[in-house]
Amino acid sequence: MGNNMVAANVVMFFSYSVMASSFWCKKRKHILSLQVIACTLFTIQYLLLGDVTAVVLNCVSILRAFVFAKKEENKKGKINWSSNIVLYVFLTVYIISTIVTWEGVISIYSFMATIVYTIGMWADKPQLIRGSANIASVFWILLNFNLGGYVGCVAESILFISNLMAMIKHAKKKNKKVIKVKENEELDVNISNKNVIE
C-alpha cells in the first residue's frame, strides 16, 4: 500500500466520522454545516486516490452546502428559493463537470451519488436528506471498491447503518408526537361532549 493510499485511508476515517455525525443532527442547518467539513475531507481523499471526477464534484459540493444553508437562513431574501433555479444550476454544473472530467464508467458512481444527494439536500426535511444519503452510499461504496479504497467501503457501510438508525430514531419521535397530539385532541373532544351533556 503506497503512501497516498495510507494517507487516503486516514482522511477517510475522519471524513466519514464527520459525515456520520451530521445525520444525527435534528436541524437541517447543522447537517449542512458538518457536511461542508466532510466534503472538504472527501475532496482530499479522492485527490489522494487519483479520481479527478470525484475531486471536482466534491469541490462543487462544498459550495453547494454553503448555498443550500443560505436557503435555510434567508428564505425571504433576494433569491426565489421556491423556484428551484438554484437546484437546477447545481445539477447542470454536476453534469458539465462530469463530462469534462470523464474517466470512463467509474465517473458514473460519483456523478449519481452527488445528483441523488443534491436533490435530497434541497428538500427542507432532514429525513429526506438522510434517505438520499443512503441511496448515494451505494454509489460511493461502488466507487471506493473500484479505486481500492476498501476502508472507504467499510466506512460507507457503517455510515449507511448509522444513517438508517438515525432515520428510525427520528421517525419514532415523530410518531410519538403525532400519537400524543391525537390523544390530546380526543381528550378535548370528550371534555366538550361532557360539557354539552351537562
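In short, a report on the structure. Sequence order sets the numbering: in each chain, residues are counted from 1 along the sequence as written. Only residues with pLDDT of at least 70 get local features here, since the model is predicted, and only at 80 or more are side-chain atom pairs given and counted; chain-wide, interface and lining totals rely on the full set of residues. Values reported for side chains reflect all heavy atoms of the structure, with hydrogen atoms and water molecules removed beforehand.

1. Topic: the overall build of the chain
Note the threshold: Secondary structure elements are defined from DSSP: runs of H or I of at least 4 residues count as helices, runs of E of at least 2 residues count as strands, and each element is numbered from the N terminus. Contacts between residues were defined by any pair of non-hydrogen atoms, one from each residue, lying within 4.5 Å. For the area figures, the Shrake-Rupley method with a 1.4 Å probe applies, and any residue is considered shielded solely by the protein chains shown.
When its secondary structure is counted, the chain shows 7 helices and 0 strands. For the chain, the sequential pattern of α-helices and β-strands runs α-α-α-α-α-α-α. Long-range pairs, those at least 24 residues apart, make up 70% of the contacts in the chain between residues at least 6 apart in sequence. Within the structure as shown, the chain displays about 11200 Å² of accessible surface, and the carbon and sulfur contribution to it stands at 69%.

2. Thoughts on the nonpolar core
Here is the rule we go by: Definition used in this section: a nonpolar core is a set of buried Ala, Val, Leu, Ile, Met, Phe, Trp, Tyr and Cys residues joined via side-chain atoms within 4.5 Å. Relative accessibility decides the category of a residue: with a 1.4 Å probe and only protein chains considered, values under 20% of the type maximum give buried, values over 50% give exposed, and everything between is partly exposed.
By size, the foremost hydrophobic cluster in this structure holds 41 residues, and its most contacted members are Y16, Y46, F68, Y117 and L143. Looking at this core, the elements that each hand over two or more residues are α1 (3-22), α2 (28-49), α3 (52-73), α4 (85-100), α5 (106-122), α6 (126-147) and α7 (150-197).

3. What to know about the packing of aromatic side chains
The geometry of an aromatic ring pair comes down to the distance between the two centres and the angle between the two planes. Going by this rule: Here the aromatic set is Phe, Tyr and Trp, taking the six-membered ring for Trp, and pairing holds for ring centres within 6.5 Å; pairs whose planes are under 30 degrees apart are stacked, those over 60 apart are edge-to-face, and all others are tilted.
On inspection of all chains with the given rule, the structure shows 6 aromatic pairs. Where Y16 meets F42, the ring centres are 5.1 Å apart and the plane angle is 75°; that geometry is what we call edge-to-face. Of this pair, Y16 sits in helix α1 while F42 sits in helix α2, and the two are 26 residues apart along the sequence. Each member of the pair, Y16 together with F42, is buried. Clustering of aromatic rings is evident, with ring pairs tying together F68, F90 and W122.

This is a description of form; function is not addressed.
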